[in-house]
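Residues per chain, in single letters:
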Amino acid sequence: MAYLLLGAIIRAMLPVINKVHAIALGIKPLERNSIICVEIRRHRGCSIKLEDGCEVKPGDPVIKLHFNNAWITERRRSSSGSGRRGFPRGSVSYFKEGLQLLAREVADGKYGGIVAVYGWTAFHAHAGRLGFQVIDLPNTLRIKLARLHIAALMQSHHVPWFKRHITSRKSVKVKAVWLSRAGLLRIHGSAS
């Protein structure tokens, strides 16, 4: 009972938490109709060597990718007439379109000399299909809080496989996904 109440409170607070999070970190949508939001930042972790030879060092400029929760909410709302209120179908295609837009903007110099793009996600299997390298995250308090936040978002957005996942009592597996600047331009640039 207390777990259900806590879950309801967290879900009710998510829009406020997300708004404060976006303002504090400067997270902005690529464009109004994009599933992707971006956060420009400096890499704060250890050096990361990507499979294509790119090395991301502490202090390097990177783009952290986020889902555009307002976009997802709007898509869910617009599909409510069909009786479907779940996570938008075709999200991988929408994400690919967003990556193509991001690649154009990176190629045009909008983000300066970013070295790579990355994100923390439970959708790491899909990210691999989009060219991202999947990397395990350490089991720190920060990652545990991120996992809790991501799980709450997935539950509030009615992600289809998440409902089956929580009944098994396993925690959501959040991993880092990385794609070098060169990889972004090669895979999602104008040639794709």
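Data block above holds the structure.
Because the structure is a prediction, the values reported are computed rather than measured.

1. A look at the pattern of salt bridges
Right, so step 1: Under the counting rule described, the total for this entry stands at three salt bridges.
Right, so step 2: Of the charged contacts, one joins R41 and E39 as a salt bridge, the two residues approaching to 3.5 Å between their closest N and O atoms.

2. Things to note about the side chain of H66
Right, so step 1: Structurally, the position occupied by H66 is in strand β5 (residues 61-67).
Right, so step 2: In this structure H66 comes out as buried when scored by relative accessible area, which is 15%.
Right, so step 3: Polar contacts involving the side chain of H66 include one to the side chain of E39, which spans 2.8 Å.

3. With respect to the sheet that holds strand β6 (residues 116-121)
Right, so step 1: Across the sheet, six strands lie side by side as β1-β2-β5-β6-β8-β7; this open sheet has mixed pairing. Looking at the sheet topology across the chains shown, the edges are occupied by β1 (28-29) and β7 (133-135).
Right, so step 2: As judged from the three bridges shared by β5 and β6, these two strands associate in the parallel manner. Looking at the pairing, K64 lines up with Y118 of β6.

4. Overview of helix α3 (residues 91-107)
Right, so step 1: With 17 residues, α3 extends 24 Å between its outermost C-alpha atoms, agreeing within 8% with the 24 Å of an ideal straight helix rising 1.5 Å per residue.
Right, so step 2: Within the span of α3, buried status applies to S91, F95, G98, L99, L101, L102, A103, E105 and V106.
Right, so step 3: Against the buried residues of α3 lie β2 (36-42), β5, β6 and α7 (181-188).

5. Concerning the environment of V115
Right, so step 1: Structurally, V115 can be placed in the loop between α3 and β6.
Right, so step 2: Remark: the alpha-carbon pair of V115 and S180, spanning 65 residues in sequence, is separated by 6.2 Å.
Right, so step 3: Ignoring any residue separated from it by four or fewer positions in sequence, one finds V115 in contact with C54, E55, V56, D60, P61, S180 and R181.

6. Structural notes on the packing of aromatic side chains
Right, so step 1: This model, assessed by the stated rule, comprises two aromatic pairs.
Right, so step 2: The interplanar angle of 15° and the centroid separation of 4.4 Å between the aromatic rings of Y118 and W178 together place this pair among those described as stacked. Within this pair, whereas Y118 is found in strand β6, its partner W178 is found in strand β8 (residues 175-180), the two being separated by 60 residues in sequence.
Right, so step 3: Sitting above the plane of the W120 ring, K64 keeps its charged end 4.1 Å from the centroid.

About the cut-offs
Residues numbered from 1 in each chain as written. Predicted model: local features only at pLDDT ≥ 70, side-chain atom pairs only at ≥ 80, totals over all residues. Heavy atoms only, no water. Salt bridge = Lys/Arg side-chain N within 4 Å of Asp/Glu carboxyl O. Helix = DSSP H or I, 4+ residues; strand = E, 2+ residues; numbered from the N terminus. Buried < 20%, exposed > 50% of the residue type's maximum accessible area, 1.4 Å probe, protein only. Polar contact = N/O pair within 3.5 Å; in protein donor to acceptor, adjacent residues only side chain to side chain. Pairing = 2+ DSSP bridges. Expected span 1.5 Å × (residues − 1). Contact = heavy atoms within 4.5 Å. Phe/Tyr/Trp six-rings, centres within 6.5 Å; stacked < 30°, edge-to-face > 60°. Lys NZ or Arg CZ within 6 Å of the ring centre and 35° of its normal.

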